[in-house]
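# Geometric and topological summary
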Amino acid sequence: CIKGSCGEAVILSEEEIETSVRLLAQDGVFAEPAGAVSAIAIQKLIEQGKIGKEDRVLGRRTGHGLKNPLAARGNAPVVRTVEEALQALEEVPKC
């Protein structure tokens, strides 16, 4: 019921969604692609002038990157074995 709520719909490309996942990751948010849609949709609506500086907007991010770990490939290092993880921990400087 978009019209009844004075809402808005946005069409996003796969590339835009992937960009949103990467940008959120830079801010420390590990989001799955479906959970990253609201952030890029809000940005697109701002660019289109449909959301103004004084507007209040709530963007929900549901889910987390662990729901789709393959989407994170190339965005973060992958620990392949327990031994590699333990080795990495040993290399962390001690206080």
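Structure report, in brief. Computed from a predicted structure; not experimentally measured.

## So, the pattern of salt bridges
- Tallied over the entire structure, the rule returns two salt bridges.
- Glutamate 8 serves as the salt-bridge partner of lysine 50, at 3.1 Å between the closest nitrogen and oxygen. In this pair, lysine 50 sits in the loop between helix H2 (33–47) and helix H3 (82–90) while glutamate 8 sits in the segment before helix H1 (14–26), placing the two residues 42 residues apart along the sequence.
- Classification of glutamate 8 as partly exposed rests on a relative accessible area of 45%.
- With a closest N to O distance of 3.3 Å, lysine 44 and glutamate 16 form a salt bridge. Placement of lysine 44 in helix H2 and of glutamate 16 in helix H1 is noted, with a sequence separation of 28 residues between them.
- Taking the relative accessible area as the measure of exposure, glutamate 16 reaches 25% and is therefore partly exposed.

## A few points about the packing of H1 against H2
- For the pair H1 and H2, the least separation of the axes is 8 Å and the interaxial angle reads 100°. Between H1 and H2, the crossing angle belongs to the class labelled roughly perpendicular. Between H1 and H2, the residues in contact are Glu16, Ile17, Ser20, Val21 and Leu24 and Pro33, Ala36, Val37, Ala39, Ile40 and Lys44, respectively.
- Residues belonging to the contact of H1 with H2 are distributed by class as follows: eight nonpolar, one polar and two charged.

How each quantity is defined
- Residues numbered from 1 in each chain as written.
- Predicted model: local features only at pLDDT ≥ 70, side-chain atom pairs only at ≥ 80, totals over all residues.
- Heavy atoms only, no water.
- Salt bridge = Lys/Arg side-chain N within 4 Å of Asp/Glu carboxyl O.
- Helix = DSSP H or I, 4+ residues; strand = E, 2+ residues; numbered from the N terminus.
- Buried < 20%, exposed > 50% of the residue type's maximum accessible area, 1.4 Å probe, protein only.
- Axes fitted to C-alpha atoms, helices over the stretch in contact; angles between N-to-C directions.
- Parallel < 35°, antiparallel > 145°, perpendicular 65-115°, else oblique.
- Contact = heavy atoms within 4.5 Å.
- Nonpolar A, V, L, I, M, F, W, Y, C, P; charged D, E, K, R; others polar.

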